[in-house]
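Per-entry structural report
Each chain, written out:
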Amino acid sequence: AAEHGLPTVIDADGLRLVLDDPGILRAENAVFVLTPNRAELERMYDRLVPAPERTAVQGDPDADTRARVRELWTRLGPNVTLVAKGPTDVIFDGVSLLEVHGVGAPKRSGGQGDVLAGSLATMLAWARHFETAAAADVAHGTDP
């Protein structure tokens, strides 16, 4: 998919492939969304961010997660958006950082990561379709 410029959502075992070869995220014109849970984020951070360059934040788990996400993003590249799942979800694309402090039902139960990955893939496909349609309208001189 990435070779053809299609947005790609990577979760679960796909994240292990990224650990084995982070270079797969450097495909030209590709867009990647990685959705690690807390354990996957820690595993990626430990493998990809050298210890001397780590800036852990003591006593503030949310600040620590933000720092780890930012540092990990610098190792993964500009084609990546990280959606770090946890008590506070952290979303970072290299420019904007968004935190989601959801309340209510327990946030993590079996299958929710699959639903998130599928929902993100659907929204990325819709966005791509809209961009393609808008570009066609402009090319033909019509309003989108």
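The preceding data block contains the structure.
Residues numbered from 1 in each chain as written. Predicted model: local features only at pLDDT ≥ 70, side-chain atom pairs only at ≥ 80, totals over all residues. Heavy atoms only, no water.

1. A look at the overall build of the chain
Helix and strand content of the chain: four helices and five strands. Counting from the amino terminus, helix and strand elements in the chain follow one another as β-α-β-α-α-β-β-β-α. Counting only residues that meet the buried cut, the chain has 31% of its 144 residues in that class. Once local pairs closer than 6 in sequence are excluded, the contacts in the chain between residues at least 24 apart make up 54%. When the accessible surface of the chain is totalled, it reaches about 8700 Å², and 57% of it is carbon and sulfur. (Helix = DSSP H or I, 4+ residues; strand = E, 2+ residues; numbered from the N terminus. Buried < 20%, exposed > 50% of the residue type's maximum accessible area, 1.4 Å probe, protein only. Contact = heavy atoms within 4.5 Å. Areas by Shrake-Rupley, 256 points an atom, 1.4 Å probe, with all protein chains shown as cover.)

2. Description of the packing of helix 1 (residues 13–20) against helix 2 (residues 38–48)
Contact pair helix 1 / helix 2: the axes reach a minimum separation of 10 Å and the direction vectors enclose 5°. Here helix 1 is positioned roughly parallel relative to helix 2, judged by the angle of their axes. Note on element contacts: helix 2 touches helix 1 through Glu40, Arg43, Met44, Arg47 and Leu48, opposite Leu15, Arg16, Val18, Leu19 and Asp20. Residues that form the contact of helix 1 with helix 2 fall into these classes: five nonpolar, no polar and five charged. (Axes fitted to C-alpha atoms, helices over the stretch in contact; angles between N-to-C directions. Parallel < 35°, antiparallel > 145°, perpendicular 65-115°, else oblique. Nonpolar A, V, L, I, M, F, W, Y, C, P; charged D, E, K, R; others polar.)

3. Topic: the sheet that holds strand 4 (residues 89–92)
Here we have five strands laid out as an open sheet, ordered 1-2-3-4-5, and mixed in their pairing. The two strands at the open ends of the sheet, each matched to only one other strand, are strand 1 (8–10) and strand 5 (97–100). Sheet twist, expressed as the average angle between the axes of neighbouring strands with direction ignored, equals 15°. Relative to strand 4, strand 3 (residues 80–84) runs antiparallel, the two sharing three bridges. Note on strand 4: the bridge partner recorded for Ala84 is Val90. Contacts between helix 3 (residues 61–76) and the sheet are confined to strand 2 (32–34), strand 3, strand 4 and strand 5, with strand 3 contributing the most and set at about 155° to the helix. (Pairing = 2+ DSSP bridges.)

4. Thoughts on the packing of helix 2 against helix 3
In a pair of packed helices, the angle between the axes and the distance between the axes together describe the arrangement. With their axes 10 Å apart at the nearest point, helix 2 and helix 3 run at an angle of 55° to one another. Considering their axes alone, helix 2 and helix 3 lie oblique with respect to each other. Crossing hand, helix 2 versus helix 3: left-handed. Across from Leu41, Glu42, Met44, Tyr45 and Leu48 in helix 2, the residues of helix 3 making contact are Thr65, Arg68, Val69, Glu71, Leu72, Arg75 and Leu76. (Left-handed = near helix turned anticlockwise from the far one by under 90°.)

5. Digging into the packing of aromatic side chains
Taken as a whole and judged by the stated rule, the model has one aromatic pair. Look at Trp73 and Phe92: their rings are 5.8 Å apart centre to centre, the planes differ by 75°, and that puts the pair in the edge-to-face class. Residue Trp73 is located in helix 3, and its partner Phe92 is located in strand 4; the two are separated by 19 residues in the primary sequence. Take Trp73: its relative accessible area is 16%, and that puts it in the buried class. Over the aromatic face of Phe92 sits the side chain of Arg70, whose NZ or CZ is 5.5 Å from the ring centroid. (Phe/Tyr/Trp six-rings, centres within 6.5 Å; stacked < 30°, edge-to-face > 60°. Lys NZ or Arg CZ within 6 Å of the ring centre and 35° of its normal.)

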